[in-house]
Amino acid sequence: MADKPAKISTGGVKKGRNEGEKAVTANRLSDGITVYLYEDGSWHDSLRGAAVFEGDDALAALEQATVEETIVVGPYLMDVVQDGETVVPAGRALLRETIRSAGPTIKSDYSRTEVQ
Amino acid sequence: MYRYDEFDAKIVADRVAQFRGQVARRVEGDITEDEFKPLRLMNGVYLQLHAYMLRVAIPYGTLNAAQLRKLAFIARTYDKNFGHITTRQNIQFNWPALTDIPDILDHLAEVEMHAIQTSGNCIRNVTSDQFAGAGADELEDPRPWCEIIRQWSTFHPEFSFLPRKFKIAVTAAPQDRAAVRVHDIGLHMKKNADGETGFEVLVGGGLGRTPYIGQVIREFLPKDQLLSYLEAILRVYNSLGRRDNIYKARIKILVNELGAEAFRDMVEAEWAVMDKARIDLPGDEIERIHAYFAAPDFENDPDTGDFDSAQGADKGFARWVRHNVRAHKQKGYASVTLSLKPTTMAPGDITSEQMELVADIAQTHCFDEVRTTHEQNLVLPHVRKADLYAIYQKLAPYGLGSSNAGLVSDIIACPGLDYCNLANTRSIPLAQRIQKRFEDLDRQENIGELKIKISGCINACGHHHVGHIGILGVDKKGEEFYQVTLGGSAAEDASIGEIVGRGLSTDEVVDAIESLISFYLDRRSDGERFVDTYRRLGPDPFKEALYVA
C-alpha cells in the first residue's frame with residue numbers, strides 16, 4: 001500500500017496532506033502583507049500568477065521558502081487550482097485563502113487593491 | 001487618572017528602544033522568526049491573515065483626550081484610519097507595518113501609553129467597570145486598585161512566563177459590568193458584616209474551549225492585603241499550572257481539577273508563610289495612588305438646562321437618553337455610552353475622525369476622560385445633564401449617535417476570519433446581518449436587553465459562552481456554520497450558555513435568531529428579559545423555535 005501524502009501545515013492551526021496542486025504562500029516580513037511564491041523565486045502580493053507545485057516539488061519549494069526569513073514569515077502550502085492563466089484558491093481552506101488573497105469581506109476600502 | 005512618574009516614563013522609553021533594536025535585527029536577519037516571535041508578542045505585535053496587528057493597552061479602559069487624539073493620529077498615519085476596541089478594553093490596529101511599529105510605540109509613549117503585556121503568558125491589562133468613579137451604584141472607585149495591580153504586575157519577574165495568559169478584572173458595584181466571574185481572577189468589592197470594604201475573590205473563571213464560571217475562594221479580603229493574596233494565587237498557579245498542554249494550561253483547569261476548596265487551601269497556606277509586609281503596599285502609597293483618581297471638580301447640583309424639554313421635543317434624543325445615558329453618583333450629571341455598533345461599521349471599530357470628535361467632547365464636557373468598555377463601546381463618564389442634548393447632536397453626523405446600548409444590535413463580535421489567523425468563520429458580517437435585520441429601533445426597544453455575542457472559533461474572543469444568545473462559528477468541510485448557545489450571562493448572574501443543537505448554515509442563522517426572539521416575545525412575562533424567559537422555560541421550547549425557522 002502506498003504511503004499517505006505527507007501531513008503539512010495549511011495555515012493558522014490547520015493541518016492537511018500534501019495532495020493536489022499547491023502554491024506557496026506566506027506573509028511579507030516588513031509589513032505582514034500576504035504574498036505568494038512565483039516561478040522565478042520572487043514573492044508577489046497577487047495569487048494570480050503564483051507558481052503551482054505538486055508532490056515533492058511542493059515540499060521542495062516550501063523548504064526553500066522557509067530559509068528566506070528576511071523576506072517572508074510562516075510559509076505554507078495552500079490548495080489551488082489553475083483557472084486558465086490564473087491561479088485561484090481551492091480546497092477546505094477556500095474561504096480563508098480567498099479572504100487572504102482578496103482582503104476582508106466587510107469593507108471594499110480594505111481590499112487588496114488598497115495595499116498593492 | 002494615573003500619570004507616569006519618571007520611572008514609568010523611563011521603563012516605557014527603554015522598552016521601545018529595545019524593541020526597535022529587535023525589529024532591526026529581525027529585518028537584517030540577525031535573529032530568526034522563532035527567536036523574534038516571543039519578543040514581538042511581548043510588545044503586543046501579532047501576525048494575522050493580512051498584516052501585523054498591534055494591540056495597545058488601555059489600563060482598565062481609561063483614556064484622556066490627548067491619548068485618544070494620538071490613537072487617531074496613529075490610525076490615520078500608520079493604519080487604515082480606524083482602530084478596534086477589544087473585549088479587554090484595549091485598542092487594536094489591524095494594518096501596521098512591522099517596520100513602523102517602533103515609531104508607533106514612540107508616539108504612544110509620548111502620551112503615556114504602550115503595548116506591554118497585551119500578549120504573551122503574563123498578566124494582561126486589568127479590566128474594570130466602565131462607569132468606575134461615576135456609577136451611582138458603586139461602593140467605591142475600583143480604578144485605584146486596578147492601577148495598584150497594574151504597577152505590581154508590570155514586568156513582575158516571577159510572573160513573566162506563566163503557564164498561560166492571565167486576566168484579572170475588578171468591579172465595585174452590585175451589577176457586574178466587568179464580567180469578573182469569567183476571569184482568571186475576579187475581584188468584586190463588597191462590604192463585610194463590620195461595614196468594611198474589601199474584595200470577594202473568585203478564581204478559575206474563563207471562556208475559550210473550556211468555559212468555567214469562577215469560584216469564590218475568599219469571601220472577604222481586606223483591601224490592604226490585596227497584592228500579597230494575588231501573589232499567593234499566582235504562585236500556586238505558576239507552580240502547578242500545566243505547561244505540557246496549551247489547552248489545559250489556564251488556571252481554570254487547575255482550579256477545577258483540584259477543586260476550589262483544595263486550591264483555596266493551597267493559596268491560604270502559601271499566603272500564611274509569605275512576607276506580606278514586603279509585598280503589600282504601605283498605607284501612604286495606597287493613598288498616593290488613590291489621589292490620582294480623585295473625583296473631578298463637579299459643580300454642586302448644576303442646572304439641567306434643556307435636558308428635560310429636549311426629550312419632549314426630540315424623540316430620538318429621548319430614546320438615546322433611555323438606552324445610552326445612565327445615572328451618575330453626582331446630582332446633575334450622567335454617564336453616556338457612545339455606541340460603536342452602527343450597522344455601517346464592524347462592532348468596536350472607530351475611525352480617526354470619530355476618535356477626535358470624542359476627544360473634543362471629553363475635553364470640553366467630561367473632565368478630559370473617556371472609557372472603553374468590554375462590550376466594545378466608549379463611555380463619557382461624567383457629563384452635565386445640561387450638556388447632553390448638545391453632545392447628542394454632535395454625535396449623529398459622525399455615526400456615533402446609535403441609541404442601542406444593551407439592545408439586540410449592541411453585539412460583541414470577534415474580528416473573525418476577516419482578520420484573524422485562528423478563526424474558522426467570519427463574525428463581523430454575521431453581526432452586521434443581525435443588526436440590519438433588527439435595525440428598527442422601536443422593535444429593538446420592544447425586545448429589550450439582549451446580549452448577542454459572536455465568536456469565529458472556539459477560542460471565544462467574542463465571549464459567545466456568556467451571550468444571552470451566543471453564536472460560535474464552526475468549519476464544516478470548508479463551509480461556515482454557526483452553533484447557537486442560549487442562556488449565558490457575563491454579569492452578576494453569570495452562567496455558561498447551553499448548546500441547543502446542530503450548527504446552522506450562513507443562510508439559516510439570521511432567520512433562526514429572529515425565530516428565537518419572536519418566541520421570546522410571545523412567551524415573556526412582564527419585565528422579563530430574553531435570558532429570564534429562557535431560564536424560566538428551559539431550553540426545549542427555545543430549541544424548537546430555533547429549528548422551526
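The rules behind each value
Residues numbered from 1 in each chain as written. Chains lettered and ligands numbered in written order. Predicted model: local features only at pLDDT ≥ 70, side-chain atom pairs only at ≥ 80, totals over all residues. Heavy atoms only, no water. pLDDT = per-residue confidence, 0-100. Helix = DSSP H or I, 4+ residues; strand = E, 2+ residues; numbered from the N terminus. 1 Å grid on protein atoms, 1.4 Å probe; cavity = no way out; pocket = protein on both sides within 12 Å on 5 of 7 lines; lining within 4 Å. Points joined across faces, edges and corners; volume = space filled by probe spheres on them. Nonpolar A, V, L, I, M, F, W, Y, C, P; charged D, E, K, R; others polar. Contact = heavy atoms within 4.5 Å. Buried area = accessible area lost by both parts, 1.4 Å probe. Salt bridge = Lys/Arg side-chain N within 4 Å of Asp/Glu carboxyl O. Polar contact = N/O pair within 3.5 Å; in protein donor to acceptor, adjacent residues only side chain to side chain. Axes fitted to C-alpha atoms, helices over the stretch in contact; angles between N-to-C directions. Left-handed = near helix turned anticlockwise from the far one by under 90°.

As annotated in an unreviewed UniProt entry, chain B carries the name Sulfite reductase and comes from Aquisalinus flavus.

Naming follows an unreviewed UniProt entry, where chain A appears as DUF2849 domain-containing protein of Aquisalinus flavus.

## Thoughts on the confidence of the model for chain A
The pLDDT averaged across chain A works out to 90; a share of 94% of its residues lies at or above 70. Ranking the helices and strands of chain A by mean pLDDT puts strand β4 (residues 34–37) of chain A first, with 98, and helix α3 (residues 112–115) of chain A last, with 48.

## Observations regarding empty space enclosed by the protein
Taken as a whole and assessed by the stated rule, the structure comprises six cavities of 30 Å³ or more. Here the largest cavity is characterised by a volume of approximately 190 Å³. Considering only residue class, the lining of the largest cavity consists of 10 nonpolar, three polar and three charged.

## Some points on the interface of chain B and chain A
Between chain B and chain A, the contact holds 36 residues from the first and 28 residues from the second. Taken together, both faces of the contact between chain B and chain A bury some 2600 Å²; the carbon and sulfur share is 58%. On inspection of chain B and its partner chain A, the count reaches one salt bridge. Its salt-bridge partner being B:Asp475, residue A:Arg92 comes within 3.5 Å of it at the nearest N-O pair. Taken together, the links from chain B to chain A amount to 13 residue pairs in polar contact (both at pLDDT 80 or more). For the side of chain B that touches chain A, the elements supplying multiple residues, two or more each, are α1 (6–28) and α15 (428–437) of chain B. In the side of chain B that touches chain A, the residues fall into 17 nonpolar, nine polar and 10 charged.

## Looking at the packing of helix α5 (residues 143–153) of chain B against helix α10 (residues 283–291) of chain B
For any two helices packed against each other, one specifies the crossing angle of their axes together with the interaxial distance. Residue and element names in this part refer to chain B. Between α5 and α10, the shortest axis-to-axis distance is 9 Å and the interhelical angle comes to 115°. Classified by chirality, the crossing of α10 by α5 is right-handed. Residue-level contacts link Pro144, Trp145, Glu147, Ile148 and Gln151 of α5 to Ile286, Ile289 and His290 of α10. Of the residues that constitute the contact of α5 with α10, the class distribution is five nonpolar, two polar and one charged.

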